[in-house]
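Coordinates in review
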Amino acid sequence: MNSYVTKKAGKYWPSKVMKKMAWVNSEKIYKDAAKNPVKFWGKLAQEGLTWEKPWESKNTYVQKLPYFWWFKGGKLNFCVNALDRHLDKNKTALIWVPEPVKEKIIKLTYRQLYDKVNKFANVLKKLGVKKGDRVAIYLPLIPEALISMLACTRIGAIHTVVFSAFSAEALKARIIDGDVRVLISADGYYRRGKKEDLSKKVSQAIKGTKIKKVVMVRRLSKKKNYSGKFTSFDKEVEKADSFCKPETMNSEDPLFILYTSGTTGKPKGVVHDTGGYATQAYYTTKWNFNLHEDDVMWCTADIGWITGHTYAFYGPLLTGNTTLIYEGAPDFPNPSRWWKIIEQNKVTVFYTAPTVIRMYMRFGDKYINKYKLKSLRILGTVGEPIDKEAWGWYFKKIGKSRCPILDTWWQTETGGTLINTLPGIGPFVPTIAGKSFPGTKHVILNKDKKQTKGKEVGFLVQLSPFAPGMLHGVWNNHKKYVETYWKKFKNKYDTSDGAYLDKGLIRITGRTDDVMKVAGHRLSTAELENAIDNHPSVNESAVVPVPDKIKGEIPIAFVVLEKGKPSQELEKQLKKQVDKEIGPTARPSKVFFVRNLPKTRSGKIMRRILKSILKQEEPKGVSTLVNPDSVEEIKKIVSQK
Ligand code: WTA
């Protein structure tokens with residue numbers, strides 16, 4: 001059996017086979033791209049995508065910070081790039097694995113997907129959706145999610161996908177911020193063998209919004225009939241014409257909005273544009289995952305997150321490959337499910353999050369040992385730092401010591417991966433992300449904004465020209481865009497991540513702001529605090545993440561009551577409050593009721609001190625607090641629980 005890695009001087013490198021099959025296999029690419037990144041990306045965009053009209057070469061990259069545009073004036077349609085140009089190949093575009101084991105796996109060829117997308121694009125038009133309008137998509141991982149997203153891109157509508165496990169309130173907030181009129185959802189989905197209802201959440205969410213129409217996929221019951229604002233996805237598609245002319249879009253037109261958590265309570269709508277995003281999605285998919293004709297890529301992320309957008313759907317379609325998605329839970333009906341799916345469908349590229357790897361490690365090796373997973377060639381991880389132990393397990397147990405692991409660093413804002421090792425170049429080093437993707441540049445700065453020396457941890461920033469997939473502002477909020485990304489470092493994009501250099505390779509240490517990664521999901525402490533503070537008994541609260549063996553981090557809440565007494569019942573209510581306003585993903589695992597939160601003279605809550613107390617470390621900077629006594633009290637409460 002082929003091995004795609006080889007060990008040299010204690011490190012893993014691509015084997016000869018891997019080098020031979022890799023699209024990029026020489027270090028030279030980094031130097032060549034760095035000489036003229038704009039020209040480099042310009043050439044790639046021209047070669048990789050299908051344009052209706054090219055851009056003038058002086059407009060390959062136009063920068064007027066904090067904004068910048070790629071391929072300005074170039075015209076294209078995203079859906080044409082993802083579908084139309086692959087129609088001749090008679091190839092499977094999508095493999096969908098439903099959670100119920102008895103249900104049939106569905107495979108759609110590019111032609112079949114194209115037909116469905118065209119029809120649904122016509123449905124959207126009939127419902128009044130026009131170029132530039134926002135369409136909200138609140139769907140589980142089912143084929144209709146992909147069909148809906150692509151249909152939007154065909155007619156130039158801007159989709160905004162909302163994670164299906166988010167609450168009605170969370171959906172509503174996004175509908176209002178995006179000024180959305182049409183929502184696509186489903187009656188529900190399967191999770192661990194149970195039917196999860198979405199209908200109720202949808203009805204609740206649209207109250208008080210400007211939603212005119214809701215298209216519902218009948219996933220759980222084909223019998224349900226819809227009327228009024230509601231209509232059924234399949235019935236509408238049945239009636240629709242089979243061809244929809246793709247809208248001609250400018251490269252810099254928005255393609256989608258994806259809401260993500262920052263340091264404030266309100267999620268922000270990250271805007272991605274068309275040509276730049278498509279270029280980065282295309283090349284990062286092709287070069288990182290080294291996709292060729294026979295590849296089947298499985299990115300396990302949900303479409304509610306950027307990883308689902310770029311690597312479960314758009315990347316592998318732009319490159320004309322086959323992508324697999326699975327509706328359900330990794331441990332249903334037992335913890336062999338994923339490995340079975342890989343064997344059944346001959347998955348070659350597998351991309352997941354460290355949190356799930358750690359979960360599988362805990363299930364025990366017996367669920368994996370009998371699977372040979374011969375089809376696998378490349379493994380990837382994303383979303384949070386991966387520790388040595390999880391890396392080793394992934395490498396040995398899943399990759400059977402044959403496959404490279406790409407630890408890919410990126411963000412909702414970057415659209416595609418930015419720092420990782422390329423499979424044909426190496427080395428693959430546990431816990432190290434690697435180098436900036438060719439044609440992009442990151443540096444690590446210390447507090448004085450100078451480049452760090454040795455292994456000093458500093459702030460990771462990106463330099464101009466900014467990568468083509470980078471966000472194009474925050475929806476309806478210029479101020480937030482400037483404050484979040486461009487204020488701290490002049491003319492440099494602030495990633496809000498910490499990092500250090502290890503022999504020229506980048507190691508990510510984690511967020512430097514109040515953003516948590518809980519089981520790979522991005523959440524902000526402020527969002528949780530807002531939710532908790534909305535409970536009538538609460539005066540104020542502080543949420544901090546603490547390390548967790550499986551989930552990476554979990555949120556812990558400290559609550560000061562306005563009225564009532566601490567009780568288990570109240571703790572339950574507060575957790576429910578978070579479920580209601582954000583979703584169970586964000587539920588704090590513990591609530592400590594305290595009399596005071598540690599604050600500075602200016603009233604800032606010192607979450608750092610709370611973190612230290614939870615870690616049983618001696619908190620620093622207590623003397624700068626207005627209420628140093630609070631620390632002793634909190635220490636006591638924490639130690640008693
Ligand atoms: C973190 C996910 C370490 C990081 C694509 C970043 C990582 C945040 C890695 C973005 C990695 C992502 N190693 N940390 N390989 N990949 N992160 O927007 O803190 O959900 O800022 O995008 O995840 O999370 P987001």
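Quick summary incoming for the structure in this document. (Residues numbered from 1 in each chain as written. Predicted model: local features only at pLDDT ≥ 70, side-chain atom pairs only at ≥ 80, totals over all residues. Heavy atoms only, no water.)

**Some words on the overall build of the chain**
What the chain contains, in helices and strands, is 19 helices and 33 strands. Relative to its length of 641 residues, the chain is compact, with a C-alpha radius of gyration of 24 Å against a globular reference of 26 Å. Taken along the three principal axes of its C-alpha coordinates, the chain extends 70 × 65 × 55 Å. Looking at the chain as a whole, 63% of its 641 residues are labelled buried. Taking all contacts inside the chain whose residues are at least 6 apart in sequence as the whole, residues at least 24 apart take part in 71%. (Helix = DSSP H or I, 4+ residues; strand = E, 2+ residues; numbered from the N terminus. Rg over C-alpha atoms; globule rule 2.2 N^0.38 Å. Buried < 20%, exposed > 50% of the residue type's maximum accessible area, 1.4 Å probe, protein only. Contact = heavy atoms within 4.5 Å.)

**With respect to the environment of V638**
Tracing the backbone through its elements, the reader meets V638 in helix 19 (residues 629-640). Residues V638 and K441, spaced 197 residues apart in sequence, show a C-alpha to C-alpha distance of 44 Å. Here V638 is in contact with F558, F592, I613 and L614, once residues within four sequence places are set aside.

**Observations concerning the environment of H535**
Within the fold, H535 resides in the loop between helix 16 (525-533) and strand 31 (538-548). Judged by its relative accessible area of 7%, H535 is buried. Taking the C-alpha atoms as reference points, H535 and V578, separated by 43 residues in sequence, lie 9.7 Å from one another. A distance of 2.7 Å separates a polar atom in the side chain of H535 from a polar atom in the side chain of Q573. (Polar contact = N/O pair within 3.5 Å; in protein donor to acceptor, adjacent residues only side chain to side chain.)

**Observations regarding the layout of surface pockets**
Counted as a void, the second largest pocket has a volume near 500 Å³. Surrounding the second largest pocket, 22 residues form its lining, K116, E144, I147, F233 and D234 being those nearest its centre. Listed by contribution, the elements that provide at least two residues to the lining of the second largest pocket are strand 7 (106-109), helix 5 (110-126), helix 6 (143-155) and helix 9 (233-239). It is helix 5 that contributes the most residues to the lining of the second largest pocket, five residues altogether. Of the residues belonging to the lining of the second largest pocket, the class tally is ten nonpolar, one polar and eleven charged. (1 Å grid on protein atoms, 1.4 Å probe; cavity = no way out; pocket = protein on both sides within 12 Å on 5 of 7 lines; lining within 4 Å. Points joined across faces, edges and corners; volume = space filled by probe spheres on them. Nonpolar A, V, L, I, M, F, W, Y, C, P; charged D, E, K, R; others polar.)

**Focus on the nonpolar core**
Judged by nonpolar contacts, the single largest core of 187 residues is most densely connected at L113, F120, L150, L183, F313 and W339. Built from parts of two domains, this core gets at least three residues from each of domain 1 (110-249) and domain 2 (519-639). Excluding anything up to four places from it in sequence, F313 contacts L141, A145, L146, M149, I303, G308 and I325. V546, I556, I605 and I613 belong to the second-largest nonpolar core, a separate cluster that totals 20 residues. (Core = buried A, V, L, I, M, F, W, Y, C linked by side-chain atoms within 4.5 Å. Domains from an automatic or database assignment.)

**Describing the site of the ligand**
Every one of the 17 residues lining the ligand counts as a neighbour, but D407, T408, T412, D497 and R522 are closest to it. G383 is positioned such that a nitrogen or oxygen atom in its backbone is 3.1 Å from a nitrogen atom of the ligand. A distance of 3.5 Å separates a nitrogen atom of the ligand from a polar atom in the backbone of E384. Compared with its free state, where it exposes 530 Å², the ligand has 97% of that area covered by protein. Where the shell around the ligand is concerned, the elements lending two or more residues are helix 11 (306-318), strand 22 (405-408) and strand 28 (505-511). (Near = heavy atom within 4 Å. Areas by Shrake-Rupley, 256 points an atom, 1.4 Å probe, with all protein chains shown as cover.)

**What to know about the pairing of strand 31**
Looking along a regular strand, one sees the side chains alternate between the two faces of the sheet. Within strand 31, eight of the eleven residues are buried, which leaves the element mostly enclosed by the surrounding structure. Here strand 31 runs beside strand 32 (residues 552-561); their pairing, made up of ten bridges, is antiparallel. Within strand 32, the residue paired with V544 across the bridge is I556. As consecutive antiparallel partners, strand 31 and strand 32 are separated by three residues. (Pairing = 2+ DSSP bridges.)

**Overview of the pattern of salt bridges**
What the rule picks out here adds up to 33 salt bridges. As a salt-bridge pair, K89 and E293 come within 3.6 Å of each other at their nearest N and O atoms. With K89 in the loop between helix 4 (78-82) and strand 6 (92-97) and E293 in the loop between helix 10 (274-288) and strand 18 (296-299), the pair connects residues that are 204 residues apart, well separated along the chain. For K89, a relative accessible area of 35% translates into the label partly exposed. According to the relative accessible area criterion, E293 is exposed, its value standing at 52%. Between D514 and R607 there is a salt bridge, with the nearest N and O atoms lying 3.2 Å from each other. Of the two residues, D514 is situated in the loop between strand 28 and strand 29 (515-518) and R607 in helix 18 (residues 607-614); the sequence distance between them amounts to 93 residues. Salt bridges sharing common partners tie together R134, D179, R181 and K210. (Salt bridge = Lys/Arg side-chain N within 4 Å of Asp/Glu carboxyl O.)

**Description of the packing of aromatic side chains**
Enumeration according to the criterion identifies 49 aromatic pairs in this entry. Judged by centre distance (4.6 Å) and plane angle (65°), the rings of W51 and W55 are edge-to-face. Three or more aromatic residues link up through ring pairs in this structure, and these residues are W51, W55, Y61, Y67, F68, W70, F71, F466, Y481, Y485, W486 and Y493. Here the basic side chain of K72 rests over the ring of W69, its NZ or CZ set 5.2 Å away from the ring centre. (Phe/Tyr/Trp six-rings, centres within 6.5 Å; stacked < 30°, edge-to-face > 60°. Lys NZ or Arg CZ within 6 Å of the ring centre and 35° of its normal.)

**Looking at helix 10**
With 15 residues, helix 10 extends 21 Å from end C-alpha to end C-alpha; this agrees with the ideal 21 Å at 1.5 Å per step. With 15 of its 15 residues buried, helix 10 lies for the most part within the structure. Downstream of helix 10 by one or two residues, N290 has phi in the positive range, about 50°. (Expected span 1.5 Å × (residues − 1).)

**Let's talk about the sheet that holds strand 27 (residues 493-502)**
Spatial strand order, 25-26-27-28: four strands in an open sheet with antiparallel pairing. Looking at strand neighbours, the two that pair on one side only are strand 25 (442-445) and strand 28, the edges of this open sheet. Neighbouring strand axes in the sheet, compared pairwise and without regard to direction, differ in orientation by 45° on average. Where strand 25 lies against strand 26 (residues 458-462), four bridges are found, and the strand directions are antiparallel. For I444, the partnering residue across the bridge sits in strand 26 and is L460. (Axes fitted to C-alpha atoms, helices over the stretch in contact; angles between N-to-C directions.)

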